[in-house]
Structures are given as C-alpha cells and as structure tokens.
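# Breakdown of the fold
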Amino acid sequence: MKRILVLFLALSVALIGVACGTKEATKVDTPRAEGKVAEKPKEESKYAFPNSTEKGKGKISVQTASGDSAKGQTPVLFSDKDDILIQVGYTLENFQGDKEVFLYVNKKFQETTQAGEMMQGSLPLEGELLKPNQYTVTAVQFADNDPKKGEVIEYHEAKFEVKASQ
C-alpha cells in the first residue's frame, strides 16, 4: 500500500511540474521594438465594391435615434469615445427575394441578408465606423447572386452621420 501511495505522489508531483513549467520566451521582432510605430494592416473587403449607380426598384433607408433617411435626410448617430459597438437600423423595400442583398458601409462589405417586399435589420458599427464622419450604406443585388462576376441588378444608397457625444 505504501508503494502505491509513493507512486501516486511521485506521479502527482511530476504532473504538477509539467503543468506549471515555463515555456521558453521567444523574441518577437516587431517595429515597435525598434522604436517605430506599427501600422495596422488595411483590412480588405470580402467582396469588392461594385462600380455602379442607382438602379432597380428597391429602396434602402437608414434609421438612428435622430431620424430616418427615407425622405432624403441624413440622420445622426452620436458616438462616445468609449463606445465599442453601436447598431444602426435599416429598411430594405422591393428587392428580389430570391437573391441576397450585399450591404456595404463606405464601400466596405459588411454582411448579406435576404429581403423582398420589406425587411428591417441592423448593422453593427465598430472601430473606424464609429468615428465622426458621414457614412453611406449601399445595398446591392447581383445577377446569379454572384458579386464576383454577376452584373448589378439593384443598387441603392442611404446616408447617416456619426457625431461625437458631448
């Protein structure tokens, strides 16, 4: 019995030693280590922004707490410097229900959704999209539902503005 207890204690100590062991530190060669400020790599859009103008029967509007872009106004969204994520609402009307709608903010792809006669949703805004600026939300549908080679069959824009909270 003593042998089993001694063996159990020895194995426990060995396992604890392995679990608590330290990894060898590795030197990371970064520009910051040399006194340079590292630039954040520019994030590429999953789907390229199409070269098009308004076309099709659809409509898009953007909603914030201050209003709606449906009548051509530019609603305002207030953002505090501590905000990490804020959502802006949107309404899609008269899109083709058998195709996805590709949504872009300032020409950068955000997400896809399906819309038909009327659909409401929200877009999450974070990072650069929370800085004070005017933004354009673009809703696009492509023939054959293919943004890489399909022609644009619906293209509509709505604007909103982000202002800094006081």
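Refer to the preceding data block for the structure.
A short tour of the structure in this document, coming up. Computed from a predicted model, the values in this text were never measured in an experiment.

## Focus: the sheet that holds strand β6 (residues 108–114)
Taken in spatial order, the five strands make up an open sheet running β3-β9-β8-β5-β6, and their pairing is mixed. Unpaired on one side and paired on the other, β3 (76–79) and β6 mark the two borders of the sheet. For this sheet, the mean inter-axis angle between neighbouring strands, taken without regard to orientation, is 30 degrees. Across six bridges, the pairing between strand β5 (residues 100–105) and β6 is antiparallel. What sits directly across from E100, in β6, is Q114.

## Quick word on the environment of D68
Turning to its location among the elements, D68 is positioned in strand β2 (residues 67–68). A relative accessible area of 32% means that D68 is categorised as partly exposed. Counting along the chain gives 22 residues from D68 to Y90, while the straight-line C-alpha distance between them is 8.9 Å. Setting aside its immediate chain neighbours within four residues, D68 contacts S61, V62, Q63, Q73 and P75. In terms of polar contacts, D68 uses its side chain to reach the side chain of Q63, at 3.3 Å. Here the side chain of D68 touches A70 through a polar contact of 2.6 Å, landing on its backbone nitrogen.

Criteria and thresholds
- Residues numbered from 1 in each chain as written.
- Predicted model: local features only at pLDDT ≥ 70, side-chain atom pairs only at ≥ 80, totals over all residues.
- Heavy atoms only, no water.
- Pairing = 2+ DSSP bridges.
- Helix = DSSP H or I, 4+ residues; strand = E, 2+ residues; numbered from the N terminus.
- Axes fitted to C-alpha atoms, helices over the stretch in contact; angles between N-to-C directions.
- Buried < 20%, exposed > 50% of the residue type's maximum accessible area, 1.4 Å probe, protein only.
- Contact = heavy atoms within 4.5 Å.
- Polar contact = N/O pair within 3.5 Å; in protein donor to acceptor, adjacent residues only side chain to side chain.

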